[in-house]
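Breakdown of the fold
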Amino acid sequence: MNLPYFLVAPAAALALALGLFLAFPKPLAADISDYEFQLVEPTAAKGDGAVIAVRLVDKRTGALVPDAVIFATRIDMAPDGMETMTSPIEAMPSTEPGVYLFRTDLVMAGGWRLSLGAKVQDEEGTLEARLELTATP
Ligand SMILES: [Cu+2]
């Protein structure tokens, strides 16, 4: 069939744009689920004043993400069946963009769960994380 060029060209352009959109849906719109907290180290020595380092990663690129606002922190021994055994925890100033530091007292060796709630710059929604680490004797 012979369609006039003025009809074919826009249709081809539209199909191309749609194809590109489907092939590369990111990073046109990021989502809070594109981000992830990760422990820098899976273990920490038991004791008071333990510092736990957590990195925030953009899973699409692997890039570290600075300037998240962490508004909720909790650490407990849920991995060892002691969910009610908590410890004080406080955020410390970051020394590397995208790496977040927390000071706590790991008063018992074993499994600890670090729970975080955070807002990521320019993203809607809340990022929640539950990270498990082991306090070594
Ligand atoms: Cu315990």
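The structure presented is a predicted model; accordingly, all values stated were derived computationally and were not measured. (Residues numbered from 1 in each chain as written. Predicted model: local features only at pLDDT ≥ 70, side-chain atom pairs only at ≥ 80, totals over all residues.)

**Here we look at the sheet that holds strand β9 (residues 110–119)**
Defined as follows: When DSSP finds two or more bridges between two strands, those strands count as paired. Secondary structure elements are taken from DSSP: a helix is a run of H or I of four residues or more, a strand is a run of E of two residues or more, and numbering for both begins at the N terminus. Angular values range over 0 to 180 degrees, each being the angle between N-to-C directions of two axes fitted as lines to C-alpha atoms, with helices fitted over their stretch in contact.
Taken together, the five strands give an open sheet; going across it, the order is β2-β10-β9-β5-β6, and neighbouring strands pair in mixed fashion. The open sheet has two edge strands with one neighbour each: β2 (43–45) and β6 (82–86). The mean inter-strand angle of the sheet, taken between neighbouring strand axes irrespective of direction, is 40 degrees.

**Notes on the nonpolar core**
The following threshold applies: Put simply, a nonpolar core is buried Ala, Val, Leu, Ile, Met, Phe, Trp, Tyr and Cys residues tied into one set by C-beta atoms within 7 Å. With C-beta atoms placed from the backbone, the exposure class of a residue follows from how many other C-beta atoms lie within 10 Å of its own: 20 or more, buried; 12 or fewer, exposed; in between, partly exposed. In this description, a residue-residue contact is defined by the distance between C-beta atoms placed from the backbone, which must lie within 7 Å.
In terms of nonpolar packing, the biggest core is built from 18 residues, with I52, L56, W112 and L114 touching the most fellow members. Put simply, the parts of the chain that give this core at least two residues each are β1 (35–39), β3 (47–58), β5 (69–77), β8 (99–106), β9 and β10 (127–136). Ignoring anything within four residues of it in the chain, the contact list for L56 reads Y35, F37, L64, V65, A68, G98 and Y100.

**Description of unusual backbone geometry**
In this structure, D67 takes a positive phi of about 70 degrees despite not being glycine. Mapped onto the elements of the fold, D67 is located in the loop between β4 (63–64) and β5. Judged by the 12 C-beta atoms lying within 10 Å of it, D67 is exposed. Despite not being glycine, D122 shows a phi value in the positive range, around 70 degrees. By the secondary structure assignment, D122 is in the loop between β9 and β10. Classification of D122 by C-beta neighbours within 10 Å gives exposed; the count is 7.

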